[in-house]
Amino acid sequence: MRIAQVAALFESVPPTRYGGTERVIATLTDELVAAGHDVTLFGAGSSITTAELVPVVAEPLRPKMSREEMIDVAPHLHLQKLADVYSRADEFDVIHSHLDLLTLPFVATTDVPTLITLHGRLDTDAVQQVFQRYPAAPLVSISDAQRRPLAGTRLNWVATVPNGLPLDAYLAQPRAADPDYFAFVGRISHEKRPDLAIEIARRTSRCLRIAAKVDPFDLEYFESHIEPLIDGNEIVFTGEMGEVDTPAFYAGARALLFPSDWPEPFGLVMIESLAAGTPVIALRRGSVPEVLEHGVTGFICDSVDEMIAAVDRLDEIDPDACRAASLEFTGETMCRRYLEAYEQLQRRRPPLLARTLAG
């Protein structure tokens, strides 16, 4: 199958340090190539892939663009990129876009099937107004919870495909004999609530290590709300961590704290932590109940007080059960599910003769 993978330009694929969506795209792309498919990746020029790379920009946008440029310039670059991809649509059997809303107007410009994976939140009025204009566009959610805000809108949901990653390095990482800190991993932002992770660590007299990136959009929040809470002793900010270092970081933690306080579409850090044998203590938001099993791989809580109470129950969690649960979220499993979605779209596509006559 000839497959176009269309990635955003903010990061390379995979990112040079720590990223979310781009790591998923990198995993899927390489798994598809390994399965024998002809894959073209449209992304930043610094991307490293086993597919054919079409470098849309020389370098990722996030490190070099200001906040204003990210708002004003980046959308135009992505729209031009989509126009270029769809001008080549006949070269592919399916176009798989990871650009969310921006892709919608292009779907009807060709009879080559498009699949759009939605990676972000869908609970805003603006998003809902846009989607109802494109009821035929084939969509994939990364969790069932993600699509729940659009339950009243007639849309073409093809599948829910949970994110997957290559987890071998995490599974092989020996667990620390006496893990002595909590971990917070991901991105510093208000909705991720690193402040709650700090509160939990302080109230339980534990060290917290924060391995997180600070996007330009979130710099003000970090400087005003989080940085003053970091003392370098009990609350330690290590910054954005590369993927080589993260398995040992998780395996050395008593637990991953995941106090995300928004409708989390997925949460890659949870599956990484589980693969390293480290339980997760999380707020019940978005996809969390689809990733964690309460009392088996961690604790799903309804308040900060419940998260604090769960700290005393961590010895109930078997690291081997955490590792076993993470196997539901491998790159190979994700690839298989996407291939099923591609084949479903191909079956819906009119035969060549019918398309020729219609044209």
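All figures in this text were calculated on a predicted structure; none of them were measured in a lab. Note on numbering: residues in each chain are counted from 1, in written sequence order. Given that this is a predicted model, residues contribute local features only at a pLDDT of at least 70 and side-chain atom pairs are listed and counted only at 80 or more, while totals for whole chains, interfaces and linings are drawn from all residues. The basis for the side-chain values is all heavy atoms of the structure; hydrogens and waters are excluded.

*Asks:* Can you help me understand the overall build of the protein chain in this one?
*Replies:* Put simply, DSSP marks the helices as runs of H or I at least four residues long and the strands as runs of E at least two long, and each gets a number from the N terminus on. Assigned secondary structure in the protein chain consists of 15 helices and 13 strands. Relative to the globule expectation of 21 Å for 359 residues, the C-alpha radius of gyration of the protein chain, 21 Å, shows essentially globular dimensions. For the protein chain, the C-alpha atoms occupy an extent of roughly 70 × 40 × 40 Å along the three principal directions. Counting all 359 residues of the protein chain, 53% fall into the buried class. Put simply, 65% of the contacts in the protein chain that link residues at least 6 apart link residues at least 24 apart. As a reference, a globule follows 2.2 Å times the number of residues to the power 0.38, and the radius of gyration itself is taken over C-alpha atoms. Buried residues are those whose accessible area, probed at 1.4 Å on protein chains only, stays under 20% of the maximum for their type, while exposed residues exceed 50% and partly exposed ones sit between those limits. Whether two residues touch is decided by their heavy atoms; if any such pair falls within 4.5 Å, the residues are in contact.

*Asks:* What's the story with the packing of helix α1 (residues 21-34) against helix α14 (residues 331-348) in this structure? I'm lost.
*Replies:* A packed helix pair is summarised by two numbers, namely the angle formed by the two axes and the spacing between the axes. Interaxial angle, 0 to 180 degrees, is taken between N-to-C directions of lines fitted to C-alpha atoms, where a helix line uses only the stretch in contact. Here α1 crosses α14 at 75°, and the two axes come no closer than 9 Å. By the angle between their axes, α1 is roughly perpendicular relative to α14. In this structure, α1 uses Val24, Thr27, Leu28, Glu31 and Leu32 to contact α14, whose residues at the interface are Gly331, Glu332, Met334, Cys335, Tyr338, Leu339 and Tyr342. When the residues that make up the contact of α1 with α14 are grouped by side-chain class, the tally is 8 nonpolar, 2 polar and 2 charged. Orientation is classified from the angle alone, with under 35 degrees giving roughly parallel, over 145 giving roughly antiparallel, 65 to 115 giving roughly perpendicular, and any other angle giving oblique. Each residue is assigned to one class: nonpolar for Ala, Val, Leu, Ile, Met, Phe, Trp, Tyr, Cys and Pro, charged for Asp, Glu, Lys and Arg, and polar for all the others, Gly among them.

*Asks:* I'm lost on the packing of aromatic side chains in this one. Help?
*Replies:* The geometry of an aromatic ring pair is captured by the separation of the ring centres together with the interplanar angle, meaning the angle of the planes. Between the rings of Phe, Tyr and Trp (Trp by its six-membered ring), a pair exists once the centres lie within 6.5 Å; its type follows the angle of the planes, with under 30 degrees stacked, over 60 edge-to-face, and the other angles tilted. Summed over the entire model, instances satisfying the criterion amount to 8 aromatic pairs. Taken together, the ring pairs in this structure connect Tyr170, Tyr181, Phe249 and Tyr250 into an aromatic cluster. Think of it as a cone above the ring: NZ of Lys or CZ of Arg counts as a charge over the ring if it is within 6 Å of the ring centre and within 35 degrees of the ring normal. In this arrangement the basic side chain of Arg209 is found over the ring face of Tyr181, its NZ or CZ atom lying 4.1 Å from the centre.

*Asks:* Explain the pattern of salt bridges here, please?
*Replies:* Opposite charge on two side chains permits them to pair, given that their charged atoms come into close proximity. Any carboxyl oxygen of Asp or Glu that lies within 4 Å of a side-chain nitrogen of Lys or Arg is treated as forming a salt bridge with it. In total, this model carries 18 salt bridges according to the counting rule given. The salt bridge involving Arg187 is made with Asp218; its shortest N-O contact spans 3.7 Å. Of the two residues, Arg187 is situated in strand β8 (residues 181-187) and Asp218 in the loop between β9 (207-213) and α8 (219-226); the sequence distance between them amounts to 31 residues. In this structure, the salt-bridge partner of Asp261 is Arg193, at a minimum N-O distance of 3.5 Å. Linking Asp261 in the loop between β11 (253-258) and α10 (268-275) with Arg193 in the loop between β8 and α7 (194-203), this pair joins segments that are 68 residues apart in sequence. A single salt-bridge network, built from bridges that share partners, covers Arg193, Asp195, Asp261 and Arg285.

*Asks:* What should I look at first to understand the side chain of Asn163 in this one?
*Replies:* On the secondary structure map, Asn163 appears in the loop between β7 (156-160) and α6 (168-172). Ignoring any residue separated from it by four or fewer positions in sequence, one finds Asn163 in contact with Val24, His119, Ile142, Phe266, Leu268, Ile271, Phe329 and Met334.

*Asks:* Where do I start with the sheet that holds strand β10 (residues 235-237) in this structure?
*Replies:* Hydrogen bonds along the backbone pair up the strands of a sheet, which may run parallel or antiparallel. The criterion for strand pairing is that DSSP finds at least two bridges linking the strands in question. Pairing is parallel across the open sheet formed by 6 strands, whose spatial order is β10-β9-β8-β11-β12-β13. The open sheet has two edge strands, β10 and β13 (298-301), and neither has a second partner. The sheet shows a mean angle of 20° between the axes of neighbouring strands, taken without regard to direction. Both β9 and β10 contribute to a ladder of 3 bridges, which runs parallel. Counterpart to Arg209 in the pairing with β10 is Val236. Those strands touched by α7 are β8, β9, β10, β11 and β12 (280-283), and its axis lies near 165° from that of β9. The sheet strands contacting α10 are β8, β11 and β12, and the helix crosses β11 at an angle near 165°.

*Asks:* Honestly, the environment of Pro289 in this entry has me stumped. Any pointers?
*Replies:* Its place among the elements puts Pro289 in helix α11 (residues 288-291). Pro289 gets classed as partly exposed once you look at its relative accessible area, which sits at 41%. Here the alpha-carbon distance between Pro289 and Asp72, two residues 217 residues apart in the chain, equals 37 Å. Look past the residues within four positions of Pro289 in its chain and what remains in contact with it is Arg284 and Ile300.

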